[in-house]
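Spelled out, the chains give:
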Amino acid sequence: MSFSIGLIGCQSTSVAKAQLTAAIINTTPIQNNSKITDETTVKNALPTHTDLSITNELLERYNWRLVSAVHNTFDDNRKIISRQPISDFYYPNHPISLEFRNSPDGPYVAFNADCNGSSAPYFLLTDNTFKVSNILSSAINCGETGNRIETALFDFMRNSSSQLTLSLQPKKLESKNQTQFPRYNLLQTMESGETLVWQNEEKPQR
């Protein structure tokens, strides 16, 4: 398998910018509830430092954990008028993560909901458009809930196009357990009207 990364010039990213005022989330439901509740809402804003460069190398440096998934409804001016959580993506026993990797055939991304392994070639364009090709996955039975979550995740990402925006999270008060690497929010704005927020985690040494 071989493919090349296409490059395009910088374009307007008005939809992604509109999301910057409404995408940091409350992660408590993911940690404490078996399923997201109606009271879970998206908080007001991402950190203001959102002009960070996104490269394949930076994405590959970390594992990324999904901490928010919402469907947005827009008015005629592309202003968000409502948002609803994507409930299948909030089960603590099925944490959703992704990992960016490189191979001789080019970059690929692996999606995981704590069951089957999956991978797909991806393309990161110069305007931070993120395109995912067809996903290949193993076929382990993950149980009724796990199968539903994985089907929703793979259908959501397969052959998709989205806009990525990277922001640096504010530093917390100094503590003995504070990690040394920078903490990022990776905002993924789908063409179909959803926004996902991923947070980076240290990648285990292989």
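Up top is the structure these notes are about.
Remember, it's a predicted structure, so these values are computed and weren't measured experimentally. (Residues numbered from 1 in each chain as written. Predicted model: local features only at pLDDT ≥ 70, side-chain atom pairs only at ≥ 80, totals over all residues. Heavy atoms only, no water.)

Draft legend 1. The arrangement of the packing of aromatic side chains in detail. With the rule as written, the count across this model stands at seven aromatic pairs. For the pair Y62 and Y184, a centre-to-centre distance of 6.1 Å together with 65° between the ring planes defines the contact as edge-to-face. Here Y184 lies in strand β9 (residues 184–190) and Y62 lies in strand β1 (residues 62–74), a separation of 122 residues in the sequence. Accessibility classification places Y62 together with Y184 in one group, the buried group. Judged by centre distance (5.8 Å) and plane angle (65°), the rings of F100 and F130 are edge-to-face. (Phe/Tyr/Trp six-rings, centres within 6.5 Å; stacked < 30°, edge-to-face > 60°. Helix = DSSP H or I, 4+ residues; strand = E, 2+ residues; numbered from the N terminus. Buried < 20%, exposed > 50% of the residue type's maximum accessible area, 1.4 Å probe, protein only.)

Draft legend 2. Layout of the nonpolar core. Residues W64, F89, F111 and W198 are the most contacted members of the largest nonpolar core, which totals 38 residues. The contacts of W198, once residues within four sequence positions are left out, are W64, R65, L66, I96, S97, L98, M157, Y184, N185, L186 and Q188. (Core = buried A, V, L, I, M, F, W, Y, C linked by side-chain atoms within 4.5 Å. Contact = heavy atoms within 4.5 Å.)

Draft legend 3. Examining the state of the cysteines more closely. Under the criterion given, the structure shown has one disulfide. The disulfide partner of C115 is C142, and the gap between their sulfur atoms is 2.0 Å. Taking the torsion about the sulfur-sulfur bond, which here is approximately -95°, the covalent link between C115 and C142 counts as left-handed. A residue pair is termed long-range when its members are at least 10 positions apart, and C115 in the loop between β4 (108–112) and β5 (118–124) and C142 in the loop between β7 (136–137) and α4 (143–157) qualify at 27 residues. Given the relative accessible area of 25%, C115 is considered partly exposed. (Disulfide = S-S within 2.5 Å.)

Draft legend 4. Representation of the pairing of β9. Counting buried residues along β9, seven of its seven residues qualify, which places the element largely inside the surrounding structure. In β9, alternate side chains face the same way, and those of Y184, L186, Q188 and M190 on one face and N185, L187 and T189 on the other are all buried. With seven bridges joining them, strand β8 (residues 161–168) and β9 adopt antiparallel strand pairing. Following the sheet pairing, L166 is matched in β9 by L186. As paired strands, β9 and strand β10 (residues 194–202) are joined by five bridges and run antiparallel to one another. Within β10, the residue paired with Q188 across the bridge is L196. (Pairing = 2+ DSSP bridges.)

Draft legend 5. Quick look at the side chain of D88. Summarising the element assignment, D88 is placed in the loop between β2 (80–85) and β3 (97–101). Since its relative accessible area comes to 18%, D88 is described here as buried. A distance of 3.0 Å separates the side chain of D88 from the side chain of R148, its partner in a polar contact. What D88 contacts, discounting residues up to four positions off in sequence, is R148, I149 and A152. (Polar contact = N/O pair within 3.5 Å; in protein donor to acceptor, adjacent residues only side chain to side chain.)

Draft legend 6. The environment of L186, seen in detail. Tracing the chain through its elements places L186 in strand β9. Looking at L186, the relative accessible area reads 1%, which means it is buried. Along the primary structure L186 and R65 are separated by 121 residues, whereas in three dimensions their C-alpha atoms are 9.7 Å apart. Not counting the four nearest positions on each side in its chain, L186 is found in contact with I54, L59, W64, L164, T165, L166, L196, V197 and W198.

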